[in-house]
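# Structural characterization, general
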Amino acid sequence: APLTMLFDYVRIRFPTLDIGHIIKDILQLNIQYMIHEDFGHYSYTEHYYIGDIFVYTSPDEEKGVLLELKGKGCRQMECYLLAQERSWYDFMLDCMTAGGVMKRLDLAINDKAGILDIPKLKEKYKAGECISYFRMQKDYSGTEKCGSDLPKNTGETLYLGSTSSELYMCAYQKNYEQYVKNGTEIEDTEIKNRFEIRMKNERAYYAVVDLLTYRDAERTAFSIINHYVRFVDREDDKPKSQWITND
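This text gives an overview of the structure that appears in the document. (Residues numbered from 1 in each chain as written. Predicted model: local features only at pLDDT ≥ 70, side-chain atom pairs only at ≥ 80, totals over all residues. Heavy atoms only, no water.)

Counting buried positions along strand β10 (residues 167-172) gives six out of six residues, so the element sits mostly inside the fold. Covered by surrounding structure in β10 are Leu-167, Met-169 and Ala-171 together with Tyr-168, Cys-170 and Tyr-172, the residues of both alternating faces. Pairing geometry for β10 and strand β11 (residues 193-200), over six bridges, is antiparallel. Along β11, the bridge assignment pairs Tyr-172 with Arg-194. (Buried < 20%, exposed > 50% of the residue type's maximum accessible area, 1.4 Å probe, protein only. Helix = DSSP H or I, 4+ residues; strand = E, 2+ residues; numbered from the N terminus. Pairing = 2+ DSSP bridges.)

Spelled out as structure tokens, the structure:
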């Protein structure tokens, strides 16, 4: 499929100090295969991990147990879920049933066909052809210093919304990012562009409710996008709210 949808970041806090229960019953993993460390992030005091799946804990009941899956962690969790014959929806339901509190959820749309024209979206945004609930937008033409002093183009990025708010969106050229990170030739990168919806706290919770109601991640993602932003074609003889959405 030219557009594919994936979970790209999950952070959930559980109101329990029983980390064994979270690992065994929610993650359905074997704690004996996980590595234990006597330190943690986010002011937690210790953690267990396997690959990029991290579970933090501390003696503080207020903090409970924190599960964190970044991009790679989500891909690894997908493999475990497949073996467990569970879907992301089943997993999320288990988390919510255990009293899990959503701290962050990122949904990403990968564009393998170059359908999302990010430089064009940026042009339309700069030209005022974007109707949005967001008060803030930022755009970057990425440059990063490489071996020589000449910065190389790392692609175009458009942020919709403030990065400090509970919901914002980000579109960027994934092929350029992979070129800078890994030296992968731009033509050889499978994913051309990526559009991410990054949600925290209450916004993340409402997204999970929608995911569990419809069990259709594409529906949830696009309903959020369509609610917050649309790119339009300028029609000078009409008020902006009546401009037609750009295809």
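This part takes up the environment of Asn-201. Along the chain, Asn-201 turns up in helix α6 (residues 201-214). Those residues in contact with Asn-201 that sit more than four places away from it in its chain are Met-102, Lys-103 and Glu-166. Of the polar contacts made by the side chain of Asn-201, one reaches the side chain of Glu-166; its length is 3.5 Å. (Contact = heavy atoms within 4.5 Å. Polar contact = N/O pair within 3.5 Å; in protein donor to acceptor, adjacent residues only side chain to side chain.)

It is worth spelling out the pairing of strand β5 (residues 65-69) at this point. Most of β5 sits inside the fold, with five of its five residues counted as buried. Here β5 shows no split at all, with Val-65, Leu-67 and Leu-69 on one side and Leu-66 and Glu-68 on the other all buried. As defined by bridge partners, strand β1 (residues 3-14) adjoins β5 across five bridges and the pair is classed as antiparallel. Across the sheet, residue Ile-12 finds its bridge partner in β5, namely Leu-67. Where strand β4 (residues 53-57) and β5 come together, five bridges link them in antiparallel fashion. Bridge pairing links Phe-54 to Glu-68 in β5.

Our focus in this paragraph is the packing of helix α3 (residues 88-97) against α6. For the pair α3 and α6, the least separation of the axes is 10 Å and the interaxial angle reads 125°. By the criterion of interaxial angle, the relationship of α3 to α6 is oblique. In terms of crossing hand, the pair formed by α3 and α6 is left-handed. Side by side, α3 and α6 meet where Tyr-89, Met-92, Leu-93 and Met-96 of the first sit next to Val-208, Leu-211 and Leu-212 of the second. The class makeup of the residues in the contact of α3 with α6 is seven nonpolar, no polar and no charged. (Axes fitted to C-alpha atoms, helices over the stretch in contact; angles between N-to-C directions. Parallel < 35°, antiparallel > 145°, perpendicular 65-115°, else oblique. Left-handed = near helix turned anticlockwise from the far one by under 90°. Nonpolar A, V, L, I, M, F, W, Y, C, P; charged D, E, K, R; others polar.)

By size, the foremost hydrophobic cluster in this structure holds 54 residues, and its most contacted members are Leu-27, Trp-88, Phe-91, Leu-105, Met-169, Ile-197 and Met-199. The contact partners of Leu-105, leaving out residues within four places of it in the chain, are Phe-7, Tyr-9, Val-10, Met-92, Ile-197, Arg-198, Met-199, Ala-204, Ala-207, Val-208 and Leu-211. (Core = buried A, V, L, I, M, F, W, Y, C linked by side-chain atoms within 4.5 Å.)

Following the criterion strictly, the structure yields 13 salt bridges and no others. The partner of Asp-94 in a salt bridge is Arg-86, and the shortest N-O contact between them spans 2.7 Å. Owing to a relative accessible area of 12%, Arg-86 belongs among the buried residues under this scheme. Here Arg-215 makes a salt bridge to Asp-90, at a shortest N to O gap of 3.1 Å. Taken as a pair, Arg-215 in the loop between α6 and α7 (217-228) and Asp-90 in helix α3 lie far apart in primary sequence, 125 residues in all. Residue Asp-90 is classed as partly exposed on the basis of its relative accessible area of 26%. By sharing partners, the salt bridges in this structure join Asp-8, Arg-75, Glu-78, Arg-194, Glu-196 and Arg-198 into a single network. (Salt bridge = Lys/Arg side-chain N within 4 Å of Asp/Glu carboxyl O.)

Right, let's talk about the packing of aromatic side chains for a bit. If you walk through the whole model with that rule in mind, you get eight aromatic pairs. Look at Tyr-42 and Tyr-56: their rings are 5.9 Å apart centre to centre, the planes differ by 85°, and that puts the pair in the edge-to-face class. With Tyr-42 in the loop between β2 (35-37) and β3 (46-50) and Tyr-56 in strand β4, this residue pair connects regions lying 14 residues apart in the sequence. Arranged with centres 6.1 Å apart and planes meeting at 40°, the rings of Tyr-159 and Tyr-168 form a pair that is tilted. Overall, the relative accessible area of 9% leaves Tyr-168 in the buried class. Every member of this aromatic cluster is reached through a ring pair, and the members are Tyr-42, Tyr-44, Tyr-49, Phe-54 and Tyr-56. (Phe/Tyr/Trp six-rings, centres within 6.5 Å; stacked < 30°, edge-to-face > 60°.)

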